[in-house]
Amino acid sequence: PQDEGKRIKLLFEGIATNCTVWVNGHLMKRHFTGFEDFEIDISEVVYYGEAVNVIAIRVDTELYGNQTEAFEGWWYDGAGIYRNVWLEKLPYVHIERYGIAVKNKLHEGEWETHTEIHLYNEGYEDVELEINLELLSPQQKSISKAVQKMTAKALTSIMITFENTIKNVEQWSIDLPCLYTARVSIREEGKVTQTEEIKYGYRSIEVNTEQGFLLNGQLTKIKGTSNHQDHGALGVAVADNIVRWRIKTLKEMGCNAYRCAHNTVSPALLEACDEIGMLVMSENRWFTTEEENLHRVVRMVKREQNHPSIIMWSVGNEEPIQCEEKGKRIAEKLIATIKQLDDSRPCTLAINGGFFERKAIEACDVIGMNYFPWLYDKVHEMYPHKVIIATEASCSNNCRGVYEESSTLNRFTAYDKHAPSFGNTHREAWQYVNTRPYVAGIFYWTGFEYRGETKWPSLFAEVGMIDSNGLKKDNYYLMQALWKTEPMIHIL
C-alpha cells in the first residue's frame, strides 16, 4: 500500500530472444533482441496491498513459426531470462533511465566536467524541484557541490546541466583504474525523493598513425581479445562474479582490452572492466538503420557512455554489404547517431573484405580489420591518415592437453601452429601488429572458448586461450611471454 503514488517499473537486462510480457493480463511489451535491456512502466496495471501481481513472459526462439533458424547470431545465443531483472519504485518526478551523463575534457591541466541530468515528470501537475549534484573522489571525498532550482512541467522531460572545473585529478588507467562518483539528489518541498549515483573516470584517448593509440598521452598498444558472452556449462546465464573472474583472468594473461563480440554486454562486465582496468570496444549487433535499431544504438551509448573503460564504438561485424554503397550509407548513419551523443570516442566497423572498394571503410574513424594482416600495408597506403586496428586476428586452433598429432583423435594439438587459411598463429598475428605503429593493436579470436562455430561432435570452438572450463591453455602462457614484462617460464 505504501507504494501508491510511485511509478513502478521493470527492467530486464536480457531475454533471449523474442519475448512478450504481460502484467496482470495486460500486454505490456514485445521485444525482439536478446542482447539489449528494456524497461516497462507497469504503474497503471499493478495491484497494491494483498492482491498478487502476475508477470507472464513468453520467450520464443522460433519467431517465424516453422523457421527454426530465427536466431540473432551464428554462435550460441542461449534462451530465456538470462540476465538480471529489477523492480524499481520511483517518484513521479525522477531521473530517466541512464539519465546522468558526465563528460569531461582536459584543458590546460584542468578537467572541464560537463554533467547532463535528464529528468521526467510523469505526474499530471507541475512540481518545484531542487537538484543537487555532488562529485566525489576515488576516496569518496566531496570535491564539488552544486544546486539548481527548477520547475518540472507535468508530463515533460527536462535536461539540466552543471559545469565544473576539477583540478589535481587521479586519471583512470589500466594500471590504476581510478573511479569518481557523481551523486544526484532530487528534493521536493525540502524532502529528498530520489538519489542516484554513477561511476565515471577522467582519462584521455587519442589515435594517430605515427603512434597508434594513446591513453592519457602515453603510447599504449592494445593487447586485446574478442569474446562471446557465454561461459562453459553456464551457457549465457553467467553470474556477475564469474564475469569479473573472466576479466581478471584475461588481465593476468597480459590482456588490456576486451572486444564485445558481437553485441552489447551485461552491465556487470563493463563495471568489472572499469574497476579492474580493461579497455573495451563496445559493439552494435544489428547493421541496419531500421528505426528500432537506431533506438537500440542510442540506448547503447546512453547506457555505456560514462564507462571510462570504453575507448571505441563498433557499429557492426563482417557485414555482407560492407563493400557496397548502401553499406557505406548505413555505417555513416549509425556513426552519426553515435556522434550526436558521444563524439569523444572513435568509431569503427569490423570488416573482413572490401578493404579497397572505398565503401563502409571510409565512414570509419578507425579501420577495423578482421584477419588479412598481410594487407595492412596496402590498406595503410590507401588510407594513410587512418589508424588500423585488428578487430579479429589469429583464430589459432588448439586443444588443452593434446600434444601428439593423430588422424583419429580429431583434435588440434596445444602448440601454437594450427590456424585456418584466413588466420595466423598467435606469434604471427602479434608480429604483424607489433611492428607497425599505425596499427593500434589487436583483438585475438578468442580469449575464452565459446559454444558454436564448430563441427559435431565438438560443442565448443577451440580457438580460445582459456578453455570452456576456465582452465588455462598453453597459449595463455605464450601470450604472457609476448605481452608482459615480468619474467615468466612455462613448461609444456
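Everything that follows concerns the structure shown earlier in this document.
Here goes a summary of the coordinates provided. Bear in mind the structure is a predicted one, so any value in this text is a computation, not a measurement.

### Here's the deal with the sheet that holds strand β3 (residues 18-23)
Across a sheet, strands are paired by hydrogen bonds formed along the backbone, either parallel or antiparallel in direction. Spatial strand order, β4-β3-β6: 3 strands in an open sheet with antiparallel pairing. Only two strands of the sheet have a single partner each, and these edge strands are β4 (26-31) and β6 (55-60). Neighbouring strand axes in the sheet, compared pairwise and without regard to direction, differ in orientation by 15° on average. Bridge count between β3 and β4: 5 bridges; the pairing is antiparallel. Bridge pairing in β4 links C19 to H31.

### Brief notes about the environment of C255
By the secondary structure assignment, C255 is in the loop between α1 (240-252) and β20 (257-260). In the structure, C255 is positioned 192 residues away from G447 in sequence and 9.0 Å away in space, judged by C-alpha atoms. When neighbours within four sequence positions are excluded, C255 is seen to be in contact with K223, G224, T225, L250, M278 and W483.

### A short note on the nonpolar core
With 60 residues, the main nonpolar core has V379 and I442 as its most contacted residues. If we ignore the near neighbours within four places in the chain, the residues touching I442 are I222, K223, G224, A390, A393, A429, W430, V433 and W483. Within the second largest apolar cluster, 26 residues are counted, among which are I95, I100, L135 and I160.

### Focus on the layout of surface pockets
There is about 660 Å³ of room inside the second largest pocket. Every residue lining the second largest pocket is counted, 29 residues in all, and those nearest its centre are C395, N397, E453, T454 and V463.

### Some words on helix α4 (residues 325-341)
Along its 17 residues, α4 runs 25 Å from first to last C-alpha, staying within 8% of the 24 Å computed at 1.5 Å per residue. When we look at burial in α4, the residues that qualify are G327, K328, I330, A331, L334, I335, T337 and I338.

### Describing the sheet that holds strand β16 (residues 205-208)
Strand order across the open sheet formed by 3 strands is β16-β17-β18, with antiparallel pairing between neighbours. Whereas interior strands pair on both sides, the edge strands pair on one side only; in this sheet they are β16 and β18 (218-219). For β16 and strand β17 (residues 212-215), the ladder comprises 4 bridges, and the chain directions are antiparallel. Residue pairing in the sheet places E206 in a bridge with L214 of β17.

Cut-off values and rules
Residues numbered from 1 in each chain as written. Predicted model: local features only at pLDDT ≥ 70, side-chain atom pairs only at ≥ 80, totals over all residues. Heavy atoms only, no water. Pairing = 2+ DSSP bridges. Helix = DSSP H or I, 4+ residues; strand = E, 2+ residues; numbered from the N terminus. Axes fitted to C-alpha atoms, helices over the stretch in contact; angles between N-to-C directions. Contact = heavy atoms within 4.5 Å. Core = buried A, V, L, I, M, F, W, Y, C linked by side-chain atoms within 4.5 Å. Buried < 20%, exposed > 50% of the residue type's maximum accessible area, 1.4 Å probe, protein only. 1 Å grid on protein atoms, 1.4 Å probe; cavity = no way out; pocket = protein on both sides within 12 Å on 5 of 7 lines; lining within 4 Å. Points joined across faces, edges and corners; volume = space filled by probe spheres on them. Expected span 1.5 Å × (residues − 1).

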